[in-house]
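Spelled out from the first residue to the last, the chains are:
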Amino acid sequence: MGKDTVYTLLSIPLFLLCWELFYHVFVGNPLLLAPPSKVLPTFAELAAGLNPRFFMPLDMAYSLFHYALGFSLAFLAGFSLGVLVGWFRLADKISYPVVELIRPIPPIAWIPIAILLLKLTHTAAAFIIFIGSVFPVLLNTQNGVKSVERKFIEAAMTLGATNSLVLLRKVIIPSSMGSVITGARVGSGIAWMCVVAAELFGVAPYGLGYQIEMARLYHSPEIVISYMLAIGVLGLLLDRGYKLTERKLLSWRIGLVAT
Amino acid sequence: MQPSKGRILVEIRELRKEFEGAPPVTAIDGIDLDIWEGEILCIVGPSGCGKTTLLRIIAGLEKPTSGKVLVDGKTVMGPGSDRAMVFQEYALFPWRTILGNVAFGLELKKLSRNEIVGKAEEYIRLVGLSGFEEKYPHQLSGGMMQRAALARALACEPHILLMDEPFGALDAQTRNFMQGELLNIWEKTRKTIVFVTHNVEEAVYIGDRIVILTARPAKIKSIVDVTLGKPRDRLSPEFINLRRGVLESLREEMLATFHSGR
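The notes below deal with the structure included here. All values reported here derive from a predicted model rather than from experimental measurement. (Residues numbered from 1 in each chain as written. Chains lettered and ligands numbered in written order. Predicted model: local features only at pLDDT ≥ 70, side-chain atom pairs only at ≥ 80, totals over all residues. Heavy atoms only, no water.)

## Notes on the pattern of salt bridges
For clarity, the cut-off: A pair is scored as a salt bridge if a Lys or Arg side-chain nitrogen falls within 4 Å of a carboxyl oxygen belonging to Asp or Glu. Each residue gets one of three labels from its accessible area relative to the maximum for its type: buried under 20%, exposed over 50%, partly exposed in between, using a 1.4 Å probe on protein chains only. Helical segments are the DSSP runs of H or I of at least four residues, strand segments are the runs of E of at least two, and each set is numbered from the N terminus.
Per the stated rule, a full pass over the model turns up 32 salt bridges over all chains. Linking Glu149(A) and Lys151(A) is a salt bridge whose minimum nitrogen-to-oxygen distance equals 3.7 Å. Given a relative accessible area of 22%, Lys151(A) falls into the partly exposed group. Between Arg147(B) and Glu181(B) there is a salt bridge whose closest N-O contact spans 3.7 Å. Within this pair, whereas Arg147(B) is found in helix 4 (residues 142-155), its partner Glu181(B) is found in helix 5 (residues 172-189), the two being separated by 34 residues in sequence.

Structural data, given as structure tokens:
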């Protein structure tokens, strides 16, 4: 076992130790914060589905559902629009000011409109997630399409790809795949963060974000932190999933790029 | 006139090309040229003279300002697989394997998957890349990449193969070797090849005719018939004489460029 491995293995225990000490030295009140010695057993109990009031497996399912709905719509819209504005200069000119105006508005600012328009529904939650994740997908796709090397397009044309739909399908999209996947990964990360915000306002009686707020009302910081932990773990797993997909879809780049 | 000359495949008529700008740049100023079916026509000229532009107009990648190019009696309106092109920088699709690259043009025709793979493999064999079908372009050497690009162009079964300084990025040995390989492939396919190069030795080694262009704006300065039998001996007196002739002709043009400050 190398030195680096030892440090990596020490990282989490060391962090837990600092947290434990911090709790006992500075807080010491179980209504305000919980030490890891209390959180970890609580987390295990919740994750196993042993607490009927906070039934975490179902909360995970609800959150993943909100995430999947919001993000898949964001991906579809972001990708199609990205190709459109990347390829057609006119589409870019028309949409650019609107995109740049809407993009800086944080997803949370959309919550009132989402509730007014869509009521307390899954769709409202998905909408918040959509707003948060559509722009990274769109901008990265657009960037990828715009930076397709001219020589590839010319080569394809002299090989008979003279129709622009064929060029799009066979040259432009495959060659911008790297950017598209980067956009999807960044978008997915934001989408997952938006899940909490989207569920806080109570679209459903379940969901990781919803339960965090409930646990706060119950003055159970150990449950709050357990749900935070669940969000972290699932987010990490999602990102790993994208990394694997990326490696698979972009296997042609192995040896061509540094990492 | 060589006896082997048969049908005219490409007719270039009063071709002019001006690039917009301030001031506009005339790249080609009146070129008339016939290209015979089955010949290897080399185009040489001082750098920046417009030889690549001429090739790109034949390919349909640039539109002439006036005049026209006819291939098989039909005016060129845009790019098409009857005029496949091989680029200096290979332009192989990095996301496709060698097989995938060679199959690209075939996929656009109404062929079954088996026919596509069969044909692609046939051309991969022709250029000597068997065993590398599943490699990606960046895993190959420059010479091998250019073979793959050649196979990709040939697989479209074009009437004419346009080559834009295809061996320009290769080292000297690989370059000489590839010239020989190109001639072998030509023996088997008898394709009409238009080959742009700045390397006079290369033109004399592979060309049936050599078109020498003037400094910009390009006009035809002279056309040299290369009657030496193939394979040619690069060190024979006849070869060296021809080479000297073309080089001197080019030097005049280089000097013209230099003195006019163009």
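## Some thoughts on the sheet that holds strand 5 (residues 74-75) of chain B
Residue and element names in this part refer to chain B. For clarity, the threshold we go by: What makes two strands pair is DSSP finding at least two bridges between them.
Ordered by their spatial adjacency, 4 strands build an open sheet running 2-1-4-5, and the pairing between neighbours is antiparallel. In this open sheet, the two edge strands, each paired with only one partner strand, are strand 2 (25-36) and strand 5. When strand 4 (residues 66-71) meets strand 5, the two strands line up antiparallel, connected through 2 bridges. Bridge assignment links Leu-70 to a residue of strand 5, and that residue is Thr-75.

## Description of the nonpolar core
What counts here: Throughout, nonpolar core names a set of buried Ala, Val, Leu, Ile, Met, Phe, Trp, Tyr and Cys residues whose side chains join them through atoms within 4.5 Å.
Judged by nonpolar contacts, the single largest core of 73 residues is most densely connected at Val171(A), Leu150(B), Leu161(B), Met163(B) and Ile210(B). Here this core gets 8 residues from one element, more than from any other, and that element is helix 4 of chain B. Core analysis: the second largest hydrophobic core is formed by 42 residues, Ala114(A), Val137(A), Val203(A) and Val224(A) among them.

## Observations regarding the environment of Gly168(B)
Residues and elements named next belong to chain B. Selection criterion: Contacts are assigned to residue pairs with any non-hydrogen atoms lying within 4.5 Å of each other.
For Gly-168, the location among the structural elements is in the loop between strand 7 (160-164) and helix 5. Residue classification places Gly-168 among the partly exposed positions, given a relative accessible area of 25%. Spatially, the C-alpha atom of Gly-168 lies 23 Å from that of Arg-190, the residues being 22 residues apart in sequence. Excluding its chain neighbours within four sequence positions, the residues that come into contact with Gly-168 are Gln-88 and Arg-175.

## Considering the packing of helix 3 (residues 56-87) of chain A against helix 6 (residues 122-146) of chain A
Residue and element names in this part refer to chain A. Definition in use: In this analysis an axis means a line fitted to C-alpha atoms, helices contributing only their contacting stretch, and an angle means the value between N-to-C directions, from 0 to 180 degrees. We call a crossing left-handed when the near helix sits turned anticlockwise from the far one by less than a right angle, and right-handed when that turn is clockwise. Residues are grouped as follows: nonpolar covers Ala, Val, Leu, Ile, Met, Phe, Trp, Tyr, Cys and Pro; charged covers Asp, Glu, Lys and Arg; every other residue, Gly included, is treated as polar.
Where helix 3 meets helix 6, the axes come as close as 6 Å, and the angle between the chain directions of the two elements is 35°. Between helix 3 and helix 6 the crossing geometry is right-handed. Residues of the contact of helix 3 with helix 6, tallied by class, amount to 22 nonpolar, 9 polar and 1 charged.

## Here we look at the packing of aromatic side chains
Applied cut-off: Any pair of Phe, Tyr and Trp rings, taking the six-membered ring for Trp, is counted once the centres come within 6.5 Å. Such a pair is stacked with planes under 30 degrees apart, edge-to-face with planes over 60 apart, and tilted for the rest.
The tally for this structure, following the rule as stated, stands at 17 aromatic pairs over all chains. Centre to centre, the rings of Trp110(A) and Phe127(A) are 5.7 Å apart; their planes meet at 75°, and the pair counts as edge-to-face. Here Phe127(A) lies in helix 6 and Trp110(A) lies in the loop between helix 4 (89-102) and helix 5 (111-118), a separation of 17 residues in the sequence. Residue classification places Phe127(A) among the partly exposed residues on the basis of a relative accessible area of 23%. Ring centres 6.4 Å apart and planes at 65° place the aromatic pair Tyr205(B) and Phe239(B) in the edge-to-face group. With a gap of 34 residues between them, Tyr205(B) in helix 6 (residues 200-206) and Phe239(B) in helix 7 (residues 237-260) connect regions that are remote in the sequence.

## Overview of the side chain of Gln179(B)
Note on placement: Gln179(B) falls in helix 5. Each residue touching Gln179(B), except ones within four places of it in the same chain, is listed here: Phe167(B), Glu202(B), Tyr205(B), Ile206(B) and Arg234(B).

## Some thoughts on the interface of chain A and chain B
How we decide: Buried area adds together the accessible area that both of two parts lose upon being put together, with accessible area traced by a 1.4 Å probe. We define a polar contact as two N or O atoms separated by no more than 3.5 Å, with the added condition that, inside protein, one atom must be a possible hydrogen donor and the other a possible acceptor, whereas residues neighbouring each other in sequence contribute only through side-chain atom pairs.
Contact with chain A, which involves 22 residues of that partner, is made by 26 residues of chain B. Overall, the association of chain A and chain B removes approximately 2000 Å² of surface from exposure, summing both partners, and the carbon and sulfur fraction of that is 71%. It is Thr158(A), Leu159(A) and Trp252(A) that lose the most area in chain A upon contact with chain B, and together they represent 36% of the buried surface on that side. Taken together, chain A and chain B are joined by 2 salt bridges. Note that Lys170(A) is salt-bridged to Glu107(B), the shortest N-O span being 2.4 Å. Summed over the shared surface of chain A and chain B, the number is 3 residue pairs in polar contact (both at pLDDT 80 or more). Secondary structure elements with two or more residues in the side of chain A that touches chain B: helix 7 (150-158) and helix 8 (164-175) of chain A. Per-element accounting of the side of chain A that touches chain B gives the leading share, 8 residues, to helix 7 of chain A. Considered class by class, the residues forming the side of chain A that touches chain B number 12 nonpolar, 6 polar and 4 charged.

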